[in-house]
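Chain residues, written in single-letter form:
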Amino acid sequence: NDALNWPAWRRDAALLSLGLYCMVGGGMTPILAAGFTNVAATYDVTVPKVALTTGLYMMGLGVGSVVASPTAILYGKRPVYLVSVVVFICAAVWCALSPSYASLVVARVFMGLAVSPVECLPSATVAEIFFLHERAYRIGIYTLLLLGGKNLVPLVSAAIIQSLGWRWVFW
């Protein structure tokens with residue numbers, strides 16, 4: 001069951017799966033930026049209040065990392081990733097269906113908590129599934145996907161917000 005004994009294609013598939021989750025998770029931070037005024041109009045709040053959803057998401061990321069890292073040491077990284085994905089999906093649905101501003105804020109905090117493992121665990125995961133001479137290239141792929149998500153997802157979200165509305169970015 002040692003990941004270093006897996007075939008190369010399986011280890012690369014695990015990296016790609018983790019990288020795509022990192023891309024989506026990293027991109028969720030500024031996902032509403034293009035639609036702040038739309039969200040403000042929906043809930044009849046100010047734009048700075050809507051911007052608070054991004055800050056609280058990032059707070060959830062930080063607090064979640066403090067919990068996710070020791071939990072991964074105790075129970076393993078796979079269960080932490082799996083639980084975080086389920087909570088992340090539930091929080092995304094919650095955001096999309098939020099009936100009030102307060103509900104959206106709480107959902108964004110839970111989303112940040114859920115996605116925190118993609119910030120604190122992948123480098124250790126790569127170190128566990130790849131040999132030393134393979135790691136630098138794989139860490140580069142993970143970093144490219146994480147930062148690509150933070151830079152490309154807002155562009156895609158702007159197009160989605162313009163054509164379908166801000167709630168659709170969470171679907």
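Residues numbered from 1 in each chain as written. Predicted model: local features only at pLDDT ≥ 70, side-chain atom pairs only at ≥ 80, totals over all residues. Heavy atoms only, no water.

**Thoughts on the packing of helix α4 (residues 77–97) against helix α5 (residues 101–115)**
The condition is simple: Note on geometry: axes are C-alpha line fits, over the in-contact stretch for helices, and angles between N-to-C directions span 0 to 180 degrees. Working definition: helices are DSSP H or I runs of at least four residues, strands are E runs of at least two. Numbering for both runs from the N terminus. Geometric relationships in this document are graded by angle, where less than 35 degrees denotes roughly parallel, more than 145 denotes roughly antiparallel, 65 to 115 denotes roughly perpendicular, and other angles denote oblique. Each crossing is labelled by how the near helix is turned from the far one, with a counterclockwise turn of less than a right angle marking it left-handed and a clockwise turn marking it right-handed. Residue contacts are defined here by distance: any two heavy atoms, one from each residue, within 4.5 Å place the two residues in contact. Following the grouping adopted for this structure description, the nonpolar residues are Ala, Val, Leu, Ile, Met, Phe, Trp, Tyr, Cys and Pro, the charged ones are Asp, Glu, Lys and Arg, and the polar ones are all others, Gly among them.
Across the interface, α4 lies against α5 with an axial gap of 8 Å and an inter-helix angle of 160°. Relative to α5, the element α4 lies roughly antiparallel. As for the relative orientation of α4 and α5, their crossing is left-handed in sense. Residues Ser84, Val87, Phe88, Ala91, Ala92, Trp94 and Cys95 of α4 pack against Ser103, Leu104, Val106, Ala107, Arg108, Phe110, Met111, Ala114 and Val115 of α5. Residues of the contact of α4 with α5, tallied by class, amount to 13 nonpolar, two polar and one charged.

**A short note on the packing of aromatic side chains**
In plain terms, the rule: Only the six-membered ring of Trp is used, alongside the rings of Phe and Tyr, when aromatic pairs are assigned; centres must lie within 6.5 Å, and planes under 30 degrees apart are stacked while those over 60 apart are edge-to-face, with the rest tilted. Burial classification: accessible surface area is computed with a 1.4 Å probe over protein chains only, and a residue below 20% of its type maximum counts as buried, one above 50% as exposed, and the rest as partly exposed.
The full count for this structure, using the stated rule, is four aromatic pairs. With centroids separated by 6.0 Å and ring planes inclined at 70°, the aromatic side chains of Tyr21 and Phe88 adopt a geometry described as edge-to-face. Within this pair, whereas Tyr21 is found in helix α1 (residues 8–27), its partner Phe88 is found in helix α4, the two being separated by 67 residues in sequence. Each member of the pair, Tyr21 as well as Phe88, carries the same accessibility label: buried. Taken together, a centroid distance of 5.7 Å and an interplanar angle of 35° make the contact between Trp94 and Phe110 tilted. Of this pair, Trp94 sits in helix α4 while Phe110 sits in helix α5; the two residues are 16 residues apart in sequence, bridging distant segments of the chain. Following the ring pairs from residue to residue traces out a cluster consisting of Tyr43, Trp166 and Phe170.

**Focus on the environment of Ala159**
Tracing the backbone shows Ala159 in helix α8 (residues 132–164). Residue classification places Ala159 among the partly exposed residues on the basis of a relative accessible area of 45%.

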